[in-house]
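Residue-level structure breakdown
Letter by letter, the chains look like this.
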Amino acid sequence: MQVLQGPEARSALTRTFNEIPVPDAVLARIEATFGEPLSPAQVVERILSDVRARGDDALRDWTERLDGHRPAELRVPEAELGAAQVAPDLHEAILTAITRVRAFYDQQPAHGFLTHGPDGALGQLVRPLSRVGVYVPGGLAPLISTLIHTAVPAQVAGVPEIVVTTPPARDGSVHPAILVAARELGITQVYRVGGAQAIAALAYGTASIGAVDKVAGPGNLFVVIAKRMVYGQTGIESLPGPTETLVVADDSADPRFVAADLLAQAEHNGAEPVLVSTSRELLLRVQAELSGQLEALPEPNRGWARDSVQARMKVILAGTLEEALELANLYAPEHLCLLTRDPWSLLGLVQRAGGVFVGEASMEALGDYVAGPSHVMPTGGTARFMSPVNVRDFQNIISVVGLNEGALRRIGPAGATLARAEGLEAHARAIESRLS
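Below you will find a few notes about this structure. This is a predicted model, so every value here is computed, not measured.

What counts as what
- Residues numbered from 1 in each chain as written.
- Predicted model: local features only at pLDDT ≥ 70, side-chain atom pairs only at ≥ 80, totals over all residues.
- Heavy atoms only, no water.
- Helix = DSSP H or I, 4+ residues; strand = E, 2+ residues; numbered from the N terminus.
- Buried < 20%, exposed > 50% of the residue type's maximum accessible area, 1.4 Å probe, protein only.
- Contact = heavy atoms within 4.5 Å.
- Lys, Arg positive; Asp, Glu negative; His and termini not counted.
- Charge placed at Lys NZ, Arg CZ, Asp CG, Glu CD.
- 1 Å grid on protein atoms, 1.4 Å probe; cavity = no way out; pocket = protein on both sides within 12 Å on 5 of 7 lines; lining within 4 Å.
- Points joined across faces, edges and corners; volume = space filled by probe spheres on them.
- Nonpolar A, V, L, I, M, F, W, Y, C, P; charged D, E, K, R; others polar.
- Axes fitted to C-alpha atoms, helices over the stretch in contact; angles between N-to-C directions.
- Left-handed = near helix turned anticlockwise from the far one by under 90°.
- Core = buried A, V, L, I, M, F, W, Y, C linked by side-chain atoms within 4.5 Å.
- Polar contact = N/O pair within 3.5 Å; in protein donor to acceptor, adjacent residues only side chain to side chain.
- Pairing = 2+ DSSP bridges.
- Parallel < 35°, antiparallel > 145°, perpendicular 65-115°, else oblique.

Describing the overall build of the chain
Secondary structure assignment for the chain yields 17 helices and 14 strands. The C-alpha extent of the chain, read off along each of the three principal axes, is 80 × 60 × 45 Å. Looking at the chain residue by residue over its 436 residues, the buried ones come to 46%. Counting only contacts in the chain whose residues sit at least 6 apart along the sequence, the fraction spanning at least 24 positions is 73%. Taking the average location of the 36 positive side-chain charges in the chain and that of its 49 negative ones, the two points are 6 Å from each other.

Next up, the structure:
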(Lines give C-alpha, C1' and ligand atoms only; values in the text may rest on other atoms or scores of the structure.)
Protein backbone atom coordinates (compact mmCIF):
# COMPACT_ATOMS: atom_id res chain seq x y z
CA MET A 1 0.00 0.00 0.00
CA GLN A 2 1.58 3.25 -1.12
CA VAL A 3 1.00 6.07 1.36
CA LEU A 4 1.02 9.59 -0.07
CA GLN A 5 1.83 12.80 1.79
CA GLY A 6 2.22 16.52 1.16
CA PRO A 7 2.49 17.65 -2.47
CA GLU A 8 2.12 14.05 -3.71
CA ALA A 9 -1.20 13.75 -1.87
CA ARG A 10 -2.45 17.05 -3.26
CA SER A 11 -1.48 16.02 -6.77
CA ALA A 12 -3.23 12.66 -6.44
CA LEU A 13 -6.46 14.30 -5.26
CA THR A 14 -6.49 17.14 -7.80
CA ARG A 15 -9.14 16.42 -10.43
CA THR A 16 -8.86 17.01 -14.13
CA PHE A 17 -11.72 16.24 -16.48
CA ASN A 18 -11.25 13.00 -18.31
CA GLU A 19 -13.65 10.85 -20.25
CA ILE A 20 -14.64 7.72 -18.37
CA PRO A 21 -12.19 5.01 -19.49
CA VAL A 22 -13.79 2.34 -21.63
CA PRO A 23 -12.76 -1.24 -20.72
CA ASP A 24 -11.50 -3.42 -23.55
CA ALA A 25 -14.34 -5.85 -22.86
CA VAL A 26 -16.89 -3.12 -23.61
CA LEU A 27 -15.15 -2.20 -26.86
CA ALA A 28 -15.07 -5.87 -27.85
CA ARG A 29 -18.77 -6.23 -27.11
CA ILE A 30 -19.52 -3.14 -29.21
CA GLU A 31 -17.61 -4.60 -32.16
CA ALA A 32 -19.38 -7.95 -31.78
CA THR A 33 -22.79 -6.25 -31.66
CA PHE A 34 -22.30 -3.71 -34.43
CA GLY A 35 -19.83 -5.54 -36.63
CA GLU A 36 -17.32 -2.69 -36.57
CA PRO A 37 -15.16 -0.90 -33.98
CA LEU A 38 -17.20 2.04 -32.72
CA SER A 39 -16.70 4.35 -29.75
CA PRO A 40 -19.45 4.43 -27.10
CA ALA A 41 -20.36 7.93 -28.30
CA GLN A 42 -20.83 6.66 -31.86
CA VAL A 43 -23.02 3.84 -30.57
CA VAL A 44 -25.19 6.28 -28.64
CA GLU A 45 -25.47 8.64 -31.63
CA ARG A 46 -26.80 5.77 -33.76
CA ILE A 47 -29.34 4.74 -31.14
CA LEU A 48 -30.57 8.28 -30.50
CA SER A 49 -31.02 9.10 -34.17
CA ASP A 50 -32.78 5.78 -34.83
CA VAL A 51 -35.25 6.24 -31.98
CA ARG A 52 -35.88 9.81 -33.04
CA ALA A 53 -36.63 8.63 -36.58
CA ARG A 54 -38.53 5.38 -35.95
CA GLY A 55 -39.94 5.71 -32.44
CA ASP A 56 -41.39 2.57 -30.86
CA ASP A 57 -40.13 0.27 -33.61
CA ALA A 58 -36.57 1.38 -32.89
CA LEU A 59 -37.13 0.91 -29.14
CA ARG A 60 -38.24 -2.66 -29.72
CA ASP A 61 -35.36 -3.40 -32.10
CA TRP A 62 -32.69 -2.02 -29.76
CA THR A 63 -34.19 -3.67 -26.69
CA GLU A 64 -34.12 -7.00 -28.50
CA ARG A 65 -30.60 -6.43 -29.76
CA LEU A 66 -29.07 -5.21 -26.50
CA ASP A 67 -31.24 -6.76 -23.76
CA GLY A 68 -32.29 -10.00 -25.44
CA HIS A 69 -36.05 -9.40 -25.41
CA ARG A 70 -38.44 -7.85 -27.92
CA PRO A 71 -41.28 -6.25 -25.96
CA ALA A 72 -44.63 -6.36 -27.71
CA GLU A 73 -45.92 -3.96 -25.08
CA LEU A 74 -43.45 -1.34 -23.86
CA ARG A 75 -45.52 -0.18 -20.91
CA VAL A 76 -45.96 -2.52 -17.97
CA PRO A 77 -49.73 -3.15 -17.69
CA GLU A 78 -51.36 -1.80 -14.56
CA ALA A 79 -52.58 -5.31 -13.73
CA GLU A 80 -48.97 -6.53 -13.66
CA LEU A 81 -47.99 -3.50 -11.59
CA GLY A 82 -50.76 -4.20 -9.11
CA ALA A 83 -50.00 -7.93 -8.85
CA ALA A 84 -46.26 -7.55 -8.16
CA GLN A 85 -45.18 -8.93 -4.79
CA VAL A 86 -41.97 -9.19 -2.80
CA ALA A 87 -41.05 -10.72 0.55
CA PRO A 88 -42.73 -8.92 3.50
CA ASP A 89 -39.43 -7.69 4.96
CA LEU A 90 -38.39 -6.17 1.60
CA HIS A 91 -41.82 -4.57 1.20
CA GLU A 92 -41.49 -3.04 4.66
CA ALA A 93 -37.97 -1.79 3.81
CA ILE A 94 -39.32 -0.12 0.67
CA LEU A 95 -41.99 1.65 2.70
CA THR A 96 -39.41 2.74 5.28
CA ALA A 97 -37.18 4.23 2.59
CA ILE A 98 -40.08 6.07 0.94
CA THR A 99 -41.26 7.49 4.27
CA ARG A 100 -37.82 8.69 5.36
CA VAL A 101 -36.85 10.21 2.00
CA ARG A 102 -40.20 12.01 1.78
CA ALA A 103 -39.88 13.31 5.34
CA PHE A 104 -36.41 14.66 4.56
CA TYR A 105 -37.45 16.55 1.42
CA ASP A 106 -40.64 17.85 3.00
CA GLN A 107 -38.31 20.04 5.08
CA GLN A 108 -36.57 21.63 2.09
CA PRO A 109 -37.75 25.19 1.41
CA ALA A 110 -39.43 24.82 -1.95
CA HIS A 111 -41.59 27.91 -2.38
CA GLY A 112 -41.08 31.29 -3.95
CA PHE A 113 -41.51 34.75 -2.45
CA LEU A 114 -43.11 38.05 -3.35
CA THR A 115 -42.09 41.19 -1.49
CA HIS A 116 -44.06 44.45 -1.65
CA GLY A 117 -42.21 47.67 -0.79
CA PRO A 118 -42.00 51.33 -1.73
CA ASP A 119 -40.77 50.39 -5.23
CA GLY A 120 -43.54 47.87 -5.93
CA ALA A 121 -43.19 44.09 -6.01
CA LEU A 122 -40.27 41.77 -6.65
CA GLY A 123 -40.15 38.03 -6.20
CA GLN A 124 -39.99 34.54 -7.58
CA LEU A 125 -42.65 32.12 -8.75
CA VAL A 126 -41.75 28.47 -8.22
CA ARG A 127 -43.54 25.98 -10.43
CA PRO A 128 -43.07 22.21 -10.73
CA LEU A 129 -42.00 20.65 -13.99
CA SER A 130 -44.91 19.03 -15.80
CA ARG A 131 -43.42 15.64 -16.62
CA VAL A 132 -40.23 13.92 -15.43
CA GLY A 133 -38.60 10.68 -16.55
CA VAL A 134 -36.78 8.56 -13.97
CA TYR A 135 -34.20 6.12 -15.28
CA VAL A 136 -33.68 3.06 -13.06
CA PRO A 137 -30.63 0.96 -13.99
CA GLY A 138 -31.11 -2.78 -14.42
CA GLY A 139 -28.24 -5.18 -14.84
CA LEU A 140 -27.41 -7.68 -12.11
CA ALA A 141 -29.88 -6.41 -9.49
CA PRO A 142 -32.88 -4.06 -9.25
CA LEU A 143 -31.86 -0.62 -8.01
CA ILE A 144 -35.01 -0.06 -5.97
CA SER A 145 -33.41 2.74 -4.00
CA THR A 146 -32.61 4.74 -7.14
CA LEU A 147 -36.29 4.89 -8.02
CA ILE A 148 -37.19 6.05 -4.50
CA HIS A 149 -34.33 8.54 -4.17
CA THR A 150 -35.16 10.19 -7.49
CA ALA A 151 -38.94 10.04 -7.68
CA VAL A 152 -39.70 11.21 -4.14
CA PRO A 153 -37.95 14.62 -4.45
CA ALA A 154 -39.81 15.11 -7.74
CA GLN A 155 -43.10 14.33 -6.02
CA VAL A 156 -42.36 16.69 -3.15
CA ALA A 157 -41.58 19.36 -5.78
CA GLY A 158 -45.12 18.87 -7.08
CA VAL A 159 -44.37 17.16 -10.41
CA PRO A 160 -47.77 15.78 -11.50
CA GLU A 161 -46.51 13.12 -13.92
CA ILE A 162 -43.53 10.82 -13.39
CA VAL A 163 -42.63 7.99 -15.74
CA VAL A 164 -40.10 5.23 -15.15
CA THR A 165 -37.93 3.40 -17.65
CA THR A 166 -35.86 0.37 -16.73
CA PRO A 167 -34.22 -2.44 -18.74
CA PRO A 168 -36.22 -5.67 -18.92
CA ALA A 169 -34.87 -9.10 -18.08
CA ARG A 170 -34.38 -11.53 -20.95
CA ASP A 171 -37.89 -12.86 -20.39
CA GLY A 172 -39.25 -9.34 -20.69
CA SER A 173 -40.15 -8.97 -17.03
CA VAL A 174 -39.41 -6.02 -14.79
CA HIS A 175 -38.20 -7.00 -11.33
CA PRO A 176 -41.18 -7.13 -8.94
CA ALA A 177 -39.36 -4.97 -6.38
CA ILE A 178 -39.21 -2.10 -8.90
CA LEU A 179 -42.92 -2.55 -9.60
CA VAL A 180 -43.81 -2.65 -5.90
CA ALA A 181 -41.78 0.52 -5.23
CA ALA A 182 -43.44 2.28 -8.18
CA ARG A 183 -46.87 1.19 -6.96
CA GLU A 184 -46.20 2.43 -3.43
CA LEU A 185 -45.05 5.75 -4.90
CA GLY A 186 -48.26 6.02 -6.92
CA ILE A 187 -46.39 5.80 -10.24
CA THR A 188 -48.37 3.94 -12.90
CA GLN A 189 -46.23 4.55 -16.00
CA VAL A 190 -43.38 2.03 -16.02
CA TYR A 191 -41.72 1.09 -19.31
CA ARG A 192 -39.58 -1.96 -20.03
CA VAL A 193 -36.86 -0.21 -21.96
CA GLY A 194 -33.37 0.77 -20.85
CA GLY A 195 -30.04 2.06 -22.09
CA ALA A 196 -29.52 4.93 -24.49
CA GLN A 197 -32.76 4.01 -26.28
CA ALA A 198 -34.73 4.80 -23.11
CA ILE A 199 -33.05 8.20 -22.80
CA ALA A 200 -33.88 8.88 -26.46
CA ALA A 201 -37.54 8.01 -25.91
CA LEU A 202 -37.77 10.28 -22.86
CA ALA A 203 -36.08 13.15 -24.67
CA TYR A 204 -37.76 12.95 -28.09
CA GLY A 205 -40.96 11.06 -27.34
CA THR A 206 -42.47 8.12 -29.21
CA ALA A 207 -46.00 6.85 -29.75
CA SER A 208 -45.83 4.95 -26.44
CA ILE A 209 -43.56 7.14 -24.34
CA GLY A 210 -44.20 10.86 -24.29
CA ALA A 211 -41.30 13.31 -24.08
CA VAL A 212 -40.43 14.66 -20.63
CA ASP A 213 -39.17 17.98 -19.31
CA LYS A 214 -36.25 16.39 -17.48
CA VAL A 215 -34.51 13.01 -17.25
CA ALA A 216 -33.12 12.02 -13.86
CA GLY A 217 -31.25 9.00 -12.55
CA PRO A 218 -27.87 7.31 -12.95
CA GLY A 219 -26.90 4.67 -15.48
CA ASN A 220 -24.04 3.01 -17.29
CA LEU A 221 -21.59 4.71 -19.64
CA PHE A 222 -24.04 4.65 -22.57
CA VAL A 223 -26.83 6.17 -20.48
CA VAL A 224 -24.56 8.97 -19.25
CA ILE A 225 -23.40 9.74 -22.80
CA ALA A 226 -27.01 9.73 -24.00
CA LYS A 227 -28.06 12.16 -21.25
CA ARG A 228 -25.24 14.48 -22.24
CA MET A 229 -26.24 14.33 -25.92
CA VAL A 230 -29.94 15.03 -25.38
CA TYR A 231 -29.36 17.91 -22.97
CA GLY A 232 -31.06 20.94 -24.46
CA GLN A 233 -33.81 18.84 -26.00
CA THR A 234 -34.69 17.93 -22.42
CA GLY A 235 -33.23 18.72 -19.01
CA ILE A 236 -30.96 16.44 -17.01
CA GLU A 237 -30.20 16.54 -13.30
CA SER A 238 -26.53 15.52 -13.61
CA LEU A 239 -24.14 13.10 -15.29
CA PRO A 240 -23.42 10.60 -12.49
CA GLY A 241 -20.23 8.62 -13.05
CA PRO A 242 -18.41 5.93 -11.07
CA THR A 243 -18.95 6.25 -7.33
CA GLU A 244 -16.35 7.45 -4.84
CA THR A 245 -15.94 7.62 -1.07
CA LEU A 246 -13.35 9.55 0.92
CA VAL A 247 -12.96 8.52 4.56
CA VAL A 248 -11.25 10.85 7.02
CA ALA A 249 -10.12 8.90 10.08
CA ASP A 250 -7.93 9.60 13.10
CA ASP A 251 -6.28 7.24 15.59
CA SER A 252 -9.61 6.68 17.39
CA ALA A 253 -11.28 5.13 14.35
CA ASP A 254 -12.13 1.43 14.35
CA PRO A 255 -10.22 -0.06 11.39
CA ARG A 256 -13.05 -2.56 10.87
CA PHE A 257 -15.51 0.25 10.19
CA VAL A 258 -13.08 2.19 8.01
CA ALA A 259 -12.44 -0.87 5.84
CA ALA A 260 -16.13 -1.73 5.69
CA ASP A 261 -17.08 1.78 4.55
CA LEU A 262 -14.41 1.77 1.85
CA LEU A 263 -15.48 -1.64 0.56
CA ALA A 264 -19.16 -0.72 0.58
CA GLN A 265 -18.50 1.62 -2.34
CA ALA A 266 -15.55 -0.29 -3.78
CA GLU A 267 -17.88 -3.13 -4.79
CA HIS A 268 -19.36 -0.84 -7.46
CA ASN A 269 -17.65 -1.20 -10.84
CA GLY A 270 -15.13 1.57 -11.40
CA ALA A 271 -15.36 2.92 -7.83
CA GLU A 272 -12.58 5.01 -6.29
CA PRO A 273 -12.03 4.57 -2.53
CA VAL A 274 -9.88 7.16 -0.73
CA LEU A 275 -8.59 7.05 2.85
CA VAL A 276 -7.08 10.10 4.55
CA SER A 277 -5.80 9.62 8.08
CA THR A 278 -3.60 11.37 10.63
CA SER A 279 -2.41 7.98 11.95
CA ARG A 280 0.08 5.81 10.10
CA GLU A 281 -0.73 2.95 12.47
CA LEU A 282 -4.40 3.15 11.51
CA LEU A 283 -3.49 2.99 7.82
CA LEU A 284 -1.61 -0.25 8.43
CA ARG A 285 -4.46 -1.74 10.46
CA VAL A 286 -6.98 -0.78 7.78
CA GLN A 287 -4.83 -2.47 5.15
CA ALA A 288 -5.01 -5.72 7.12
CA GLU A 289 -8.76 -5.33 7.58
CA LEU A 290 -9.27 -4.71 3.88
CA SER A 291 -7.52 -7.96 3.01
CA GLY A 292 -9.60 -9.96 5.45
CA GLN A 293 -12.93 -8.37 4.56
CA LEU A 294 -12.24 -8.68 0.86
CA GLU A 295 -11.69 -12.41 1.16
CA ALA A 296 -14.93 -12.75 3.13
CA LEU A 297 -16.99 -11.18 0.35
CA PRO A 298 -18.78 -13.51 -2.07
CA GLU A 299 -18.13 -13.37 -5.79
CA PRO A 300 -18.63 -11.38 -7.94
CA ASN A 301 -18.58 -8.64 -5.25
CA ARG A 302 -15.09 -9.66 -4.16
CA GLY A 303 -13.72 -9.27 -7.67
CA TRP A 304 -15.32 -5.86 -8.18
CA ALA A 305 -14.12 -4.57 -4.81
CA ARG A 306 -10.60 -5.97 -5.27
CA ASP A 307 -10.33 -4.23 -8.64
CA SER A 308 -11.33 -0.89 -7.10
CA VAL A 309 -8.91 -1.28 -4.19
CA GLN A 310 -5.97 -2.43 -6.26
CA ALA A 311 -6.44 -0.17 -9.27
CA ARG A 312 -7.84 3.08 -7.88
CA MET A 313 -7.57 3.31 -4.09
CA LYS A 314 -5.64 6.28 -2.71
CA VAL A 315 -4.14 6.29 0.80
CA ILE A 316 -3.09 9.62 2.31
CA LEU A 317 -1.26 10.45 5.55
CA ALA A 318 -2.19 13.95 6.74
CA GLY A 319 -0.36 15.90 9.41
CA THR A 320 -3.55 17.23 11.04
CA LEU A 321 -7.30 16.83 10.72
CA GLU A 322 -7.40 20.35 9.29
CA GLU A 323 -5.08 19.22 6.50
CA ALA A 324 -7.22 16.11 6.01
CA LEU A 325 -10.32 18.28 5.47
CA GLU A 326 -8.37 20.59 3.15
CA LEU A 327 -7.48 17.56 1.03
CA ALA A 328 -11.08 16.34 1.13
CA ASN A 329 -12.31 19.73 -0.12
CA LEU A 330 -9.73 19.62 -2.90
CA TYR A 331 -11.00 16.21 -3.99
CA ALA A 332 -14.72 17.18 -3.61
CA PRO A 333 -15.91 13.60 -3.07
CA GLU A 334 -19.34 12.23 -3.73
CA HIS A 335 -19.32 10.75 -0.21
CA LEU A 336 -17.28 12.16 2.67
CA CYS A 337 -17.19 9.97 5.81
CA LEU A 338 -15.90 11.43 9.09
CA LEU A 339 -14.68 8.66 11.41
CA THR A 340 -12.88 10.66 14.07
CA ARG A 341 -12.95 11.24 17.80
CA ASP A 342 -15.13 14.35 17.44
CA PRO A 343 -16.55 14.33 13.90
CA TRP A 344 -19.05 17.13 14.49
CA SER A 345 -16.18 19.54 15.17
CA LEU A 346 -15.04 19.02 11.57
CA LEU A 347 -18.36 19.71 9.87
CA GLY A 348 -17.68 23.45 9.68
CA LEU A 349 -14.51 22.74 7.68
CA VAL A 350 -16.39 20.86 4.94
CA GLN A 351 -16.69 22.98 1.79
CA ARG A 352 -17.11 20.55 -1.09
CA ALA A 353 -18.86 17.15 -0.99
CA GLY A 354 -21.99 15.48 -2.25
CA GLY A 355 -22.87 14.20 1.22
CA VAL A 356 -21.20 14.15 4.63
CA PHE A 357 -21.60 11.11 6.88
CA VAL A 358 -20.81 12.07 10.45
CA GLY A 359 -19.63 9.37 12.85
CA GLU A 360 -19.62 5.59 13.02
CA ALA A 361 -23.43 5.21 13.13
CA SER A 362 -23.89 7.22 9.92
CA MET A 363 -22.22 4.94 7.42
CA GLU A 364 -22.64 5.88 3.78
CA ALA A 365 -24.25 2.51 3.01
CA LEU A 366 -27.18 3.53 5.23
CA GLY A 367 -27.41 6.77 3.27
CA ASP A 368 -27.80 4.77 0.08
CA TYR A 369 -31.13 3.46 1.34
CA VAL A 370 -33.00 4.80 4.35
CA ALA A 371 -31.21 7.80 5.91
CA GLY A 372 -33.26 10.41 4.03
CA PRO A 373 -31.24 12.45 1.50
CA SER A 374 -31.07 11.20 -2.08
CA HIS A 375 -28.12 8.99 -2.92
CA VAL A 376 -27.93 10.49 -6.42
CA MET A 377 -24.95 12.76 -5.78
CA PRO A 378 -22.32 14.57 -7.86
CA THR A 379 -19.26 12.53 -8.81
CA GLY A 380 -15.92 13.13 -10.51
CA GLY A 381 -15.23 16.33 -8.60
CA THR A 382 -18.46 17.98 -9.78
CA ALA A 383 -19.40 18.51 -6.11
CA ARG A 384 -17.38 21.72 -6.57
CA PHE A 385 -20.38 23.17 -8.39
CA MET A 386 -23.25 20.66 -8.26
CA SER A 387 -25.53 19.29 -5.56
CA PRO A 388 -27.30 16.01 -4.80
CA VAL A 389 -30.72 15.48 -6.33
CA ASN A 390 -33.20 17.67 -4.48
CA VAL A 391 -36.59 19.34 -4.80
CA ARG A 392 -35.23 22.29 -6.80
CA ASP A 393 -34.08 19.92 -9.56
CA PHE A 394 -37.74 19.44 -10.47
CA GLN A 395 -38.96 23.03 -10.35
CA ASN A 396 -38.80 26.14 -12.51
CA ILE A 397 -38.04 29.46 -10.85
CA ILE A 398 -39.67 32.46 -12.54
CA SER A 399 -38.63 35.99 -11.63
CA VAL A 400 -41.42 38.49 -10.95
CA VAL A 401 -40.92 42.22 -11.56
CA GLY A 402 -43.76 44.59 -10.70
CA LEU A 403 -42.17 47.99 -10.09
CA ASN A 404 -44.19 51.18 -9.69
CA GLU A 405 -43.72 54.55 -11.39
CA GLY A 406 -41.73 55.99 -8.52
CA ALA A 407 -39.14 53.23 -8.85
CA LEU A 408 -39.11 53.66 -12.61
CA ARG A 409 -38.27 57.37 -12.32
CA ARG A 410 -35.59 56.76 -9.71
CA ILE A 411 -33.71 53.85 -11.34
CA GLY A 412 -34.76 54.22 -14.98
CA PRO A 413 -31.99 56.69 -15.95
CA ALA A 414 -29.34 54.30 -14.62
CA GLY A 415 -30.87 51.52 -16.70
CA ALA A 416 -30.84 53.64 -19.83
CA THR A 417 -27.22 54.63 -19.22
CA LEU A 418 -26.15 51.00 -18.89
CA ALA A 419 -28.09 50.09 -22.05
CA ARG A 420 -26.30 52.72 -24.13
CA ALA A 421 -22.95 51.64 -22.68
CA GLU A 422 -23.69 48.19 -24.06
CA GLY A 423 -24.69 49.60 -27.45
CA LEU A 424 -28.38 48.71 -27.07
CA GLU A 425 -30.17 51.90 -28.05
CA ALA A 426 -33.64 50.33 -28.30
CA HIS A 427 -33.34 49.17 -24.70
CA ALA A 428 -32.50 52.71 -23.58
CA ARG A 429 -35.38 54.21 -25.56
CA ALA A 430 -37.86 51.64 -24.14
CA ILE A 431 -36.96 52.89 -20.67
CA GLU A 432 -36.94 56.57 -21.59
CA SER A 433 -40.31 56.35 -23.34
CA ARG A 434 -41.84 55.78 -19.89
CA LEU A 435 -39.86 58.63 -18.38
CA SER A 436 -40.88 61.33 -20.86
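Concerning the layout of surface pockets
Taken as a whole, the second largest pocket encloses approximately 320 Å³ of empty space. Considering the residues around the second largest pocket, the lining is formed by 16 residues, among which Met 1, Gln 287, Val 309, Gln 310 and Met 313 are closest to the centre. Listing elements by their share of the lining of the second largest pocket, those giving two or more residues are α12 (280-296), α13 (301-312) and β11 (314-317). Taken together, the residues of the lining of the second largest pocket sort by class into eight nonpolar, four polar and four charged.

Structural notes on the packing of helix α6 (residues 88-105) against helix α7 (residues 144-157)
Relative orientation of the contacting elements α6 and α7 amounts to 35 degrees, with a least axis distance of 9 Å. In this structure, α6 meets α7 at a crossing whose hand is right-handed. Together, Leu 90, Ile 94, Ala 97, Ile 98, Val 101, Arg 102 and Tyr 105 of α6 and Ile 144, Ile 148, His 149, Val 152, Pro 153, Gln 155 and Val 156 of α7 make up the contact between the two elements. Its residues assigned to classes, the contact of α6 with α7 comprises eleven nonpolar, two polar and one charged.

Let's talk about the nonpolar core
Grouped together as the largest cluster of nonpolar side chains are 39 residues, with contacts concentrated most on Val 134, Leu 147, Ile 148, Ile 187 and Phe 394. Not counting residues up to four positions away in its chain, the partners in contact with Phe 394 are Pro 128, Leu 129, Val 132, Thr 150, Pro 153, Ala 154, Ala 157, Val 159, Lys 214, Ala 216 and Val 389. One finds Val 44, Val 51, Ala 196 and Leu 202 within the second-largest nonpolar core, a separate group that totals 32 residues.

Brief notes about the side chain of Thr 243
Assignment of secondary structure puts Thr 243 in the loop between β8 (235-236) and β9 (244-249). Owing to a relative accessible area of 11%, Thr 243 belongs among the buried residues under this scheme. Among the polar contacts listed, one links the side chain of Thr 243 to the side chain of Glu 334, at a separation of 2.7 Å. If sequence neighbours within four positions are ignored, Thr 243 has contacts with Gln 265, His 268, Gly 270, Ala 271, Glu 272, Glu 334 and His 335.

Looking at unusual backbone geometry
Across the junction of Glu 299 and Pro 300, the peptide omega takes the value 5 degrees, indicating a cis bond. Within the secondary structure, Pro 300 sits in the loop between α12 and α13. Phi is positive for Ala 332, close to 55 degrees, though the residue is something other than glycine. For Ala 332, a relative accessible area of 1% puts it in the buried group.

Quick look at the sheet that holds strand β14 (residues 395-403)
In a beta sheet, neighbouring strands are held together by backbone hydrogen bonds and run either parallel or antiparallel to one another. With antiparallel pairing, three strands are arranged side by side in an open sheet as β2-β3-β14. Strand pairing shows two members of the sheet lacking a second neighbour, β2 (113-117) and β14, which therefore form its edges. Adjacent strand axes in the sheet meet at a mean angle of 10 degrees when their direction is disregarded. In the sheet, strand β3 (residues 120-128) pairs with β14 via nine bridges, with the strands oriented antiparallel. Note that in β14 the partner of Val 126 across the bridge is Ile 397.

Focus: the environment of Gly 158
Tracing the backbone through its elements, the reader meets Gly 158 in the loop between α7 and β5 (161-166). On the basis of relative accessibility, which here comes to 35%, the residue Gly 158 falls in the partly exposed class.

Observations regarding the packing of helix α2 (residues 24-34) against helix α3 (residues 40-54)
It is at 11 Å that the axes of α2 and α3 come closest, and there the two elements cross at 40 degrees. On the basis of their axis angle, the class for α2 and α3 is oblique. In terms of crossing hand, the pair formed by α2 and α3 is left-handed. Where α2 approaches α3, its residues Leu 27, Ile 30 and Phe 34 are matched on the opposing element by Pro 40, Val 43 and Arg 46. Its residues placed into classes, the contact of α2 with α3 shows five nonpolar, no polar and one charged.

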